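What the coordinates show
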Amino acid sequence: MRNKLHIIWIVCLLSVQWPTWGQTITISINLSSTQLNVSSSLITEAGNDYQISAYEDCSVCPVLFVSGYANKDMRVDVRKSDMIWSSSLAILVRRTAIATGITGGTTFQTITNSDQYFFTVVKNTVNWIPIAFRVQNFSVLNGSGNLSTNVIFTVSLL
Amino acid sequence: MNRYNKFSCAWMLPLLIFVSQVIHAQQSCNTTVSINFPQISLCDIEPNRNSINLSLTTPVEAGLPLTSSSVNNSKWLNYTCAVAGSSTNAITVQSNSNISGLNLQVTASAYTGIGAGTNGISNGVQPISTTARSVVSGIRNCYTGNGAGNGHQLNYSLGIGNHSTLHSTSYSITIIYTMISQ
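Since the structure is predicted, the reported quantities are computational estimates derived from the model, not experimental observations.

Concerning the pairing of strand β5 (residues 102-108) of chain B
All names here are of chain B. Every second residue of β5 is oriented toward a common face, the buried set being L102, L104, V106 and A108 and the non-buried set N103, Q105 and T107. Bridge count between β5 and strand β11 (residues 152-160): seven bridges; the pairing is antiparallel. Bridge pairing in β11 places L104 opposite L158. With three bridges connecting them, β5 and strand β8 (residues 125-127) associate as antiparallel partners. In the sheet register, V106 faces β8, and the bridge partner there is Q126.

Some words on the interface of chain A and chain B
Taken residue by residue, the interface counts 62 residues in chain A and 45 residues in chain B. Between chain A and chain B, the buried area comes to about 4400 Å², and carbon and sulfur atoms account for 59% of it. The largest share of the area that chain A buries against chain B comes from A46, G47 and S144 of chain A, three residues that together contribute 13% of it. In this assembly, chain A and chain B are joined by zero salt bridges. Here chain A and chain B share 22 residue pairs in polar contact (both at pLDDT 80 or more) between them. Within the residue set of the side of chain A that touches chain B, elements represented by two or more residues are α1 (2-17), β1 (26-29), β2 (33-37), β10 (128-136) and β11 (145-157) of chain A. Looking at the side of chain A that touches chain B element by element, the count peaks at 13 residues for β11 of chain A.

Focus on the sheet that holds strand β9 (residues 133-139) of chain B
Residues and elements named next belong to chain B. Taken together, four strands build an open sheet; the order of strands is β7-β9-β4-β12 and the sheet is antiparallel. Of all strands in the sheet, those with a lone pairing partner are β7 (121-122) and β12 (175-181), marking the two edges. Pairing of strand β4 (residues 89-95) with β9 involves four bridges; the strand directions are antiparallel. Following the sheet pairing, T92 is matched in β9 by S134.

Here is what the cut-offs are and how they apply
Residues numbered from 1 in each chain as written. Chains lettered and ligands numbered in written order. Predicted model: local features only at pLDDT ≥ 70, side-chain atom pairs only at ≥ 80, totals over all residues. Heavy atoms only, no water. Buried < 20%, exposed > 50% of the residue type's maximum accessible area, 1.4 Å probe, protein only. Helix = DSSP H or I, 4+ residues; strand = E, 2+ residues; numbered from the N terminus. Pairing = 2+ DSSP bridges. Contact = heavy atoms within 4.5 Å. Buried area = accessible area lost by both parts, 1.4 Å probe. Salt bridge = Lys/Arg side-chain N within 4 Å of Asp/Glu carboxyl O. Polar contact = N/O pair within 3.5 Å; in protein donor to acceptor, adjacent residues only side chain to side chain.

Quick look at the structure:
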């Protein structure tokens, strides 16, 4: 009797898992690096700091590719791991395209050093997700040169 | 197979399935975001670049020399600077021509204003000639604030250099300030 119950239990589990066997969830990005060039023309008068507090350049915007299961929603989180960075500087990210089957992420949000919710893909309906980065709170006090941080996107099943 | 082993095997399979599902249930990718900040070297004279006039005083007694008490401190030096690493910039002053017999000098006052960062330090009195001389040095990542009252006040003075080469005429020269890498 006990063995039968175990077998029934295994069959139930297998039937739940069956539709997703042979599949995985994946996330990738088309650009291994993204460059934002702050222009010196943003200072129009000697004596002033940069006259804007935020800068974004989407001439070459990265695109995320997310795929998974047709019957499960996927959540994408974002965090950063600083390489050469200034604590006064903020980097933000958002989705740039409006699409059904995906929720959240359309307004710029600050990327921190720990995972934060970015957006949800509903049942594998959207795979191609263009994004844009914005840098904020910069100043000539940062000096000149390159600052860089590694931005990590993580997809997980809901 | 005893009852204990049967029980273990029965639970092992669903556990493995669950673990494999968890392993497949998360994946990451990344991109390196780089922000490039340009070098900035901007300087300006405020409140405007209109000319200033300095003159000599005619002596009231025969035998006395020409004198000069003429000064002007109406101009301010503003600048914005962003440098790489520990580099510093300086601002030099020079004129497009020399004035025979006269000593034209400028002194940049200490920095004051609404700016921020590592502003420069005055190098004191500097003669103005066709040779560039540093009036402010040690400028790093900073901005002075814009307009009169921000930056370094410029104090111009005129003195007699050599009476024998003076002429009774007016001279007009252009004074050029340049921010350079030190």
